[in-house]
Amino acid sequence: MLRNPQLNAKGELQHLLSVEGLPRELLVQILDTAESFAGVTERDIKKVPLLRGKSVFNLFFEGSTRTRTTFEIAAKRLSADVINLNVAVSSTSKGESLLDTVANLSAMQADIFVVRHGSSGAPYLIARHVKPHEHVINAGDGRHAHPTQGLLDLFTIRHYKKDFSRLTVAVVGDVLHSRVARSLIHGLTTLGAPEVRVIGPQTLIPAGAAALGVRVCHSMKEGLKDADVVVMLRLQNERMSGTLLPSAQEFNKHYGLTADKLALAKADAIVMHPGPMNRGVEIDSNVADGPHSVILPQVTFGIAVRMAVMSMVAGGG
Amino acid sequence: MAALPDAEALCAALAAALAPRIGPTSAMIGIHTGGAWVAERLHAALGMREPLGFLDIAFYRDDYDRKGLARDPKRSKIPFDVAGKDLLLVDDVLYTGRTVRAAINELFDYGRPASISLVVLAERDGRQLPICAQHAGARIEVAAGMRLRLKRSEQGRLSLELERVA
Amino acid sequence: MKLLVKGGRVIDPASGRDAVGDVAMADGRIVEALSGKPDRMIDAKGLVVAPGLIDLAARLREPGYEYKATLESEMNAAVAGGVTSLACPPDTDPPLDEPGLVDMLRRRAKALARARVYPVGALTVRLEGRKLTEMAELAEAGCVAFSQADTAIENTEVLWRALQYAATFGFPVWLRAEDVWLAKGGVAHDGEVATRLGLAGIPAFAETVALATLLELVRATGARVHVCRLSSAAGVALLRRARHDGLPLTCDVAVHHVHLSDMDLGFFDPQCRLEPPLRHPRDRDALRAGLADGTIDCIVSDHTPVDEDRKHLPFAEAEPGATGLELLLPLALKWGVQANLTLAQTLARVTSAPARILGVDAGRIAPGAPADLVVFDPQAPFRVSAQTLKSQGKNTPFLGLELAGRVRATVVAGNVVYEA
């Protein structure tokens, strides 16, 4: 078996590339550490000196202001220097290879690379080529993984539900293209959630999804029944009509989260969404803004989770 | 080797020594983990007005680059406004002074206290920073290669122990 | 030039002969016995003497991709791997769709005097799947068959007409079975691994849908079709039935697919980015079974040298293909051992069987046959590494692996073209 490239020889987090393959104890350790950082983010001075003198390079080969900003806030609250590089428009358009870009930045004394890339696995390639003191955090690669989002989803679920061992979690929508769904599913199965369901039309459920340890449902009626947690996925504009779906309206009718459909879930169910939301497509406004929604707390927790991950990878010899 | 003093007795003695100094602006903060245990004893004995605060200095340590983040940092909780307070900062053993340095730095991220006094159950030689305790329960000689630690039994009883540094 | 290979274990898969003896060669052919003293002698004691390997798919990257590999580097790799004849697919730049290009390639290859090169001509102009090439002209220039390489014909009518036309002249057509639309954008087998890694999938039915179409067109036209790089269990089953029905079909599998599956993608190993994709271990097992029972005739290297820059990329962006000429023999041997076959049975899949498909008088050791031989030590181990590979392409999923089977000498047309 290949050694997990995320862990060092001592089994500590060297890079964060995927939730898959992280041992349960390590997942819990990340969530516990994030819990402590959540305390810091509630103070007036939301800053600790942990990463003073360290440089965090935000390497976004694919645009995402939101995600980049949350990493930037997290790094700054750890007192790191943050350098934002919109690589999508700088180097690669000049034909520079991914590894050349990384080698160049590495020469500028980076400690952490936060990488967002359109191709699944790109952060693994970078992690294989960085120096031992440099760390890679995957901020979303293709359809593969978005581990910090997965972790903040787990953090949110634990915050509201305390314990994973009796939970039914429903993940709804475009699972096929969703790195968020993959990361969350791996986390939930590792932490022992007994029932994880994915709900969507066949066109949006990947082949062999059951092998991820989930139950595949094609109707909300079946999938939302008695759910404790409902996670709505973002439906990209370009997929709303074409060969995967006929129209946003039809998707909304069958798979959009409305108050009626949410009533199928448990009375104290929480509703999550990784954002940005398409109101009226995958989620109705009265649900997104309603009492079950924890979508805004997710964003807040996301900063603490990213602080935890950065401080866990960058410390030590 | 001389027997170590009883930790519970030291707590009681410390509480008695501190009692005359407690005023309306006094507040107490314990440093995780041992300092928090001592602070719980003192706080209860002194009947202070402000609730007890707790600090975990994991995010302020100066050995992060060498040792990385502590495995299980606790959440720092200061349930009162530190600005203008006369703080009693409580730890179990004062040794190099680095923990106290980190704790003072962290405290200032909560606000500007009027004063900070350091209260420790025991102190030993080996200071690496210009820090001294205003109130120390005992002064204990510790041989090189040994560590003085506060332990808590399952019944909640505190005791000092010497152990070999790994 | 008289050459004598002495005292080796001579294996002729075509006749099943397997005995210690000498092989004598004169004037480029194998002879019963030499008259007079040989000019050269190779001591093959303790070694296997077999017909040189025949590889039905080896990209030499000329013309057009000399930065990936040159004819010279790849011909050296071929003979180092014991390959004495190879067919090269038409996906050069420009593609082999004009007699002039084919002629030039053959002449360049001939000048290098190493392995024999058999160009496979483009079936359609620029491989675009719209207009037929001048197949008769190309055949005259030396094309042994016609193919689309990895570019499928989208329009079924064009495919039908191409098969009709080729059948008219009796030209063999070598095609991969892959539905363009079902494979579009995919980079890995559509299954658990691709789902886990978030890679766009190519379903196994992309192969069977195209294969079913192809089989119907073969039935309709009587064209001699060779199915290239079969990849799925369902494809093997479909082909087994069609051959049972008596359709004029032959088939090959790439050596990587005999040994690997999508499980080997690991953490996005771009060396495993291949076309067709590595599929489920069940598919690999079915391919091995198909190879053993004759549904699949032969193993090819599908040699595709790729420069490092095009491989050091995220999986989906990496250029597909693996270098293979030098690994064909050891990997075939490995399969034979695992499948409990005799050496003669194993070697048949890389000598006599591909010779039959290629329609050349090679792949056998008998008086009158071309003096193309490989002398190898089937047990000698070696580690696959960038340093030991002669090919300019160092791209292979087997890097670092220890394999058994080292070539000691390669003879083409009675000349010793490689010795180690």
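This structure is a prediction, so every number in the text was calculated from the model and none was measured.

Scoring rules and cut-offs
The written sequence of each chain sets the order in which its residues are numbered from 1. Think of it this way: whatever chain is written first is A, whatever ligand is written first is 1, and the rest follow in order. Where totals are concerned, whole chains, interfaces and linings use all residues; where local detail is concerned, this predicted model gives features only for residues with pLDDT of at least 70, and gives and counts side-chain atom pairs only at 80 or more. The criterion for strand pairing is that DSSP finds at least two bridges linking the strands in question. By definition, any uninterrupted DSSP run of H or I lasting at least four residues is a helix, any uninterrupted run of E lasting at least two residues is a strand, and each is numbered from the N terminus. Here, axes are lines fitted to C-alpha atoms. For helices the fit covers the stretch in contact, and angles between N-to-C directions go from 0 to 180 degrees. Placing C-beta atoms from the backbone, we regard two residues as in contact once those atoms come within 7 Å. Note on definitions: a nonpolar core is a set of buried residues drawn from Ala, Val, Leu, Ile, Met, Phe, Trp, Tyr and Cys, linked by C-beta atoms within 7 Å. Counting other C-beta atoms within 10 Å of its own, a residue is labelled buried from 20 upward, exposed at 12 or fewer, and partly exposed in the gap between, with every C-beta atom placed from the backbone. Each domain span listed reflects an automatic or database assignment of domains. Each angle gets one of four labels, with under 35 degrees taken as roughly parallel, over 145 as roughly antiparallel, 65 to 115 as roughly perpendicular, and the rest as oblique. By definition, turning the near helix anticlockwise from the far helix through less than a right angle yields a left-handed crossing, and turning it clockwise yields a right-handed one. By the convention adopted, Pro, Cys, Tyr, Trp, Phe, Met, Ile, Leu, Val and Ala count as nonpolar, Lys, Arg, Asp and Glu as charged, and the other residues, Gly among them, as polar.

1. Description of the sheet that holds strand β2 (residues 53-55) of chain B
All names here are of chain B.
In step 1: Taken together, 5 strands build an open sheet; the order of strands is β2-β1-β3-β4-β5 and the sheet is parallel. At either margin of the open sheet sits one strand with a lone partner, and together these are β2 and β5 (135-139). Each strand of the sheet is rotated relative to its neighbour by a mean of 25°, with strand direction disregarded.
In step 2: Sheet topology note: the strand β1 (residues 26-31)/strand β3 (residues 86-94) ladder contains 5 bridges and is parallel. If you follow A27 over to β3, its bridge partner there is L87.
In step 3: Here helix α1 (residues 7-18) sits on the sheet in contact with β4 (115-123) and β5, set at roughly 145° to β5.
In step 4: Packed on one face of the sheet, helix α4 (residues 98-108) meets β1, β2, β3 and β4 and runs near 155° to β3.

2. Re the nonpolar core
In step 1: By size, the foremost hydrophobic cluster in this structure holds 167 residues, and its most contacted members are A:V171, A:V230, A:V231 and A:M310.
In step 2: Per-domain counts for this core show at least three residues from each of domain 1 (24-145 + 300-314) and domain 2 (147-298) of chain A.
In step 3: Filtering out sequence-adjacent residues up to four positions away, A:V231 remains in contact with A:D153, A:V169, A:A170, A:V171, A:V172, A:L184 and A:M272.
In step 4: Counting 124 residues, the second largest nonpolar core, distinct from the first, contains C:I54, C:C88, C:A162 and C:L230.

3. Re the packing of helix α5 (residues 147-161) of chain A against helix α6 (residues 179-190) of chain A
Residues and elements named next belong to chain A.
In step 1: In contact at an axis separation of 8 Å, α5 and α6 are set at 50° when each is read in the N-to-C sense. On the basis of their axis angle, the class for α5 and α6 is oblique. Read as a crossing pair, α5 and α6 show a hand that is right-handed. Between α5 and α6, the contacting residues are P147, Q149, G150, L151, D153 and L154 on the first element and V180, S183, L184 and G187 on the second.
In step 2: Looking at the contact of α5 with α6 residue by residue, the class counts come to 5 nonpolar, 4 polar and 1 charged.

4. Brief notes about the interface of chain C and chain A
In step 1: Between chain C and chain A, the contact holds 20 residues from the first and 25 residues from the second.
In step 2: Among the residues forming the side of chain C that touches chain A, the class breakdown is 9 nonpolar, 6 polar and 5 charged.

5. Here we look at the interface of chain B and chain A
In step 1: On the side of chain A, 18 residues touch chain B, which itself brings 19 residues to the contact.
In step 2: Across the side of chain B that touches chain A, the residue classes tally to 7 nonpolar, 2 polar and 10 charged.

6. Quick look at the packing of helix α1 (residues 24-41) of chain A against helix α11 (residues 295-314) of chain A
Residue and element names in this part refer to chain A.
In step 1: Packing of α1 against α11 leaves a shortest axis separation of 8 Å and a crossing angle of 120°. Taken together, the axes of α1 and α11 are oblique relative to one another. As for how α1 packs across α11, the hand of that crossing is right-handed. For the pair α1 and α11, the contacting residues are I30, T33, A34, F37, A38 and T41 in the first and T300, F301, I303, A304, V305, M307, A308, V309 and M312 in the second.
In step 2: Broken down by class, the residue content of the contact of α1 with α11 amounts to 12 nonpolar, 3 polar and no charged.

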